[in-house]
Every structure is written in C-alpha cells, then in structure tokens.
Amino acid sequence: MKFAVIVFPGSNCDRDMYHAVKDVLGAEADLVWYQSSNLKEYDGILLPGGFSYGDYLRSGAVAATSDMMKQIKEQAKAGKPVLGVCNGFQILTESGLLPGALMRNKNLSFMCHQENLIVENNETLFTSGYEKGEVVKFPIAHGEGNYFCDEKTLNELKTNNQIVFTYQSNPNGSTHDIAGIVNKEGNVLGMMPHPERAVEKLLGSDDGLRLFQSVIQNWRNSYVTN
Ligand SMILES: NC(=O)CC[C@H](N)C(=O)O
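Residues numbered from 1 in each chain as written. Predicted model: local features only at pLDDT ≥ 70, side-chain atom pairs only at ≥ 80, totals over all residues.

The name an unreviewed UniProt entry gives the protein chain is Phosphoribosylformylglycinamidine synthase subunit PurQ, with Oceanobacillus bengalensis as the organism. Per UniProt, the protein chain carries the Subcellular location (unreviewed entry) text "Cytoplasm". (UniProt positions renumbered as here; feature names shortened; annotations may be inferred.)

Trainee: Can you lay out the overall build of the protein chain for me, pointing to particular residues and giving the numbers?
Mentor: When its secondary structure is counted, the protein chain shows five helices and eleven strands. A compact globule built from 226 residues would reach a C-alpha radius of gyration of about 17 Å, and the protein chain, at 16 Å, matches this within 12%. Across its three principal axes, the protein chain shows a C-alpha extent of roughly 50 × 35 × 35 Å. Residue burial in the protein chain is summarised as follows: out of 226 residues, 48% are buried. Across the protein chain, every contact between residues at least 6 apart in sequence was considered, and the portion connecting residues at least 24 apart equals 75%. (Helix = DSSP H or I, 4+ residues; strand = E, 2+ residues; numbered from the N terminus. Rg over C-alpha atoms; globule rule 2.2 N^0.38 Å. Buried ≥ 20, exposed ≤ 12 C-beta atoms within 10 Å, placed from the backbone. Contact = placed C-beta atoms within 7 Å.)

Trainee: Please set out the environment of Tyr223 residue by residue, giving values where relevant.
Mentor: Considering the arrangement of structural elements, one finds Tyr223 in helix α5 (residues 209-223). Here the alpha-carbon distance between Tyr223 and Phe212, two residues eleven residues apart in the chain, equals 17 Å.

Trainee: How would you sum up the pairing of strand β3 (residues 44-47)? Please name residues and give values.
Mentor: The alternating pattern of β3 places Gly44 and Leu46 and Ile45 and Leu47 on opposite faces, both of which are buried. The pairing of strand β1 (residues 2-7) with β3 spans three bridges and is classified as parallel. Among the inter-strand pairings, Val5 is bridged to a residue of β3, identified as Leu46. Relative to strand β4 (residues 82-85), β3 is paired through three bridges, and the arrangement is parallel. Among the inter-strand pairings, Leu46 is bridged to a residue of β4, identified as Leu83. Each parallel crossover has a hand, and for β3 linked through helix α2 (residues 67-77) to β4 it is right-handed. (Pairing = 2+ DSSP bridges. Right-handed = clockwise from strand over helix to strand, strands pointing away.)

Trainee: Residues and numbers for the environment of Val135, please.
Mentor: Looking at the secondary structure, you find Val135 in strand β7 (residues 135-142). Residues Val135 and Gln168 lie 33 residues apart in sequence; the distance between their C-alpha atoms is 8.0 Å. Among residues more than four places away in sequence, those in contact with Val135 are Asn116, Ile118 and Gln168.

Trainee: Pulling in residues and values, what's your account of the sheet that holds β3?
Mentor: The mixed open sheet is built from nine strands, whose spatial order is β2-β1-β3-β4-β11-β10-β9-β6-β7. Both edges of this open sheet fall to β2 (28-33) and β7, since each of them pairs with a single strand only. Averaged over neighbouring strand pairs, the angle between their axes works out to 20 degrees when direction is ignored. (Axes fitted to C-alpha atoms, helices over the stretch in contact; angles between N-to-C directions.)

Trainee: Which residues make up the confidence of the model for the protein chain, and what values do they have?
Mentor: Interpretation of this model should avoid reading the predicted coordinates in detail wherever pLDDT is low. In the predicted model, the protein chain carries a mean pLDDT of 97, and 99% of its residues have values of at least 70. In the model output, the complex is listed with pTM 0.97 alongside ipTM 0.95. (pLDDT = per-residue confidence, 0-100.)

Trainee: So what about the UniProt feature "active site" (unreviewed entry) in the protein chain? Which residues, and what values?
Mentor: The sites that carry the UniProt feature "active site" (unreviewed entry) are, in the present numbering, Cys86, His194 and Glu196. Despite a sequence span of 111 residues, these residues sit close together in the fold, their greatest C-alpha distance being 10.9 Å. Note that Cys86 resides in the loop between β4 and α3 (87-94). Judged by local crowding, Cys86 falls into the buried class, with 30 C-beta atoms found within 10 Å. Apart from the residues lying within four places of it in its own chain, the contact partners of Cys86 are Cys13, Gly49, Ala141, His142, Met192 and His194. By the secondary structure assignment, Glu196 is in the loop between β11 (188-191) and α5. Residue Glu196 is classed as buried on the basis of its 29 C-beta neighbours within 10 Å.

Trainee: Go over the site of the ligand with me, naming the residues and quoting the values.
Mentor: Lining the immediate surroundings of the ligand are 14 residues, of which Gly49, Cys86, Asn87, Gly143 and Glu144 lie closest. Residues belonging to the shell around the ligand are distributed by class as follows: five nonpolar, seven polar and two charged. (Near = placed C-beta within 6 Å. Nonpolar A, V, L, I, M, F, W, Y, C, P; charged D, E, K, R; others polar.)

Trainee: Please give an account of the nonpolar core that cites residues and values.
Mentor: Counting residues in hydrophobic clusters, the biggest one holds 62 residues, and the most contacted among them are Ala4, Val5, Ile6, Ile45, Leu46, Leu47 and Val188. The element that contributes the greatest number of residues to this core is β1, accounting for five residues. (Core = buried A, V, L, I, M, F, W, Y, C linked by C-beta atoms within 7 Å.)

Following this line, the structure appears as structure tokens:
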C-alpha cells in the first residue's frame, strides 16, 4: 500500500506524517506537492496538519479550492482511504468532503497537549484495530479545533455512526465532544488530534500506530490475495 502525504504551502506536520508511515510503520509513502497531478498512483491519501496558506480567510479555506482537492475528491469517490489530521480535517470540512466546520477554540487560544479520546466507532477501516469505548492518548495542537455542526447534521452523524472519536474532557468547545468523524461511506476520516505524533512511546503514546495499521490491514484484506 502506497500513501501520498499531501504538502500545501504552509503544511508543517507533513514530515511527522511521513515519518510515521514510512519509518515507523515501514509502509511506502511519498511527500506529494499540491501541484502534482499523479494522485491516482496512490492507494491512500494523508492530509497532514499545519497552516496551509497561513490560515488566511479561514483555516483550510484556500487549500480547499485547489486542483489537488479536486483530485482528492475523485480518489475519495473511488473509495480510497483519505485521512485528514488537524489542518487536514479543516481542509476536508472546507471542501465539503466532511460536514460541519472547525471554529476558534472556545478559550481563543492555541492549545498543544495530550488528550484522552474515546473510540466511539471501531467499525471503520481506520479504527478496526481498537476496541469500542477504548480510551487512547493523542496530542492536540490547534487554534481552530472547535467542531461545529447544526442539530440536523449532528443527528445524521449519530444515526450513521459517523462519530469516530470524542474527547474524554472537551478542550475546545466542540459540539458533542467530537474529535473525529467519517463520511457516510466510511473512507474519509477527519480528526483534530494527531495520531502521527503518537506512534512511539518516546513521544508519550504509541496509540496512533493502530490507526495506520488498521488502514494498511484493511487495504490488504481488500486488495491482496494469496
Ligand atoms: N497543527 C495544525 O494542523 C494546526 C491547524 C490550524 N491551522 C489551527 O491552528 O487550528
């Protein structure tokens, strides 16, 4: 399985994502500049965190209009796994691949620390390696992680089991303590906390490893026969 780690001007967690999948997991991965047109070559797409286009207008708003996002939409439609972390999540909501929006944190401050998350749904291709209800520890690092959606959208998210991670102790004011959601089809996950920064005990947690392992395992189950 080969991953594309998408790099926009202003991405700054791209190297961490690359390190996690390539060096720690031993998967194939490339850093893919946003002007590339070869996304079809990849089996999985990783949208890392950062400050694409300096967070101008709104976080993720400019990147959402790029040709790269058009390619990502096509690949998502084809069923490939797409993971957006932090600014990646913001880009996914801004581009309409996921519902809702990320607003300024309730305390209007940038926050950077470890958070406990609850795995609400372990029936996705990203979370099959976790137990339902399991508490995992991932770091957060954001100023605009306050997930908002209207009542109707929240009910849809609940009905379709699209809420994947919630915060055990809500740090940013997110609606329903939401930390991560999937699309209806289940192949696009957006989350504010950083699984790629929780892949080695030295980092304070390796709970993020199983997320990437789940993606790889599910891809193998679908495409590799022997
Ligand atoms: N680490 C990140 O991706 C930061 C995301 C975003 N630009 C924010 O501060 O909200």
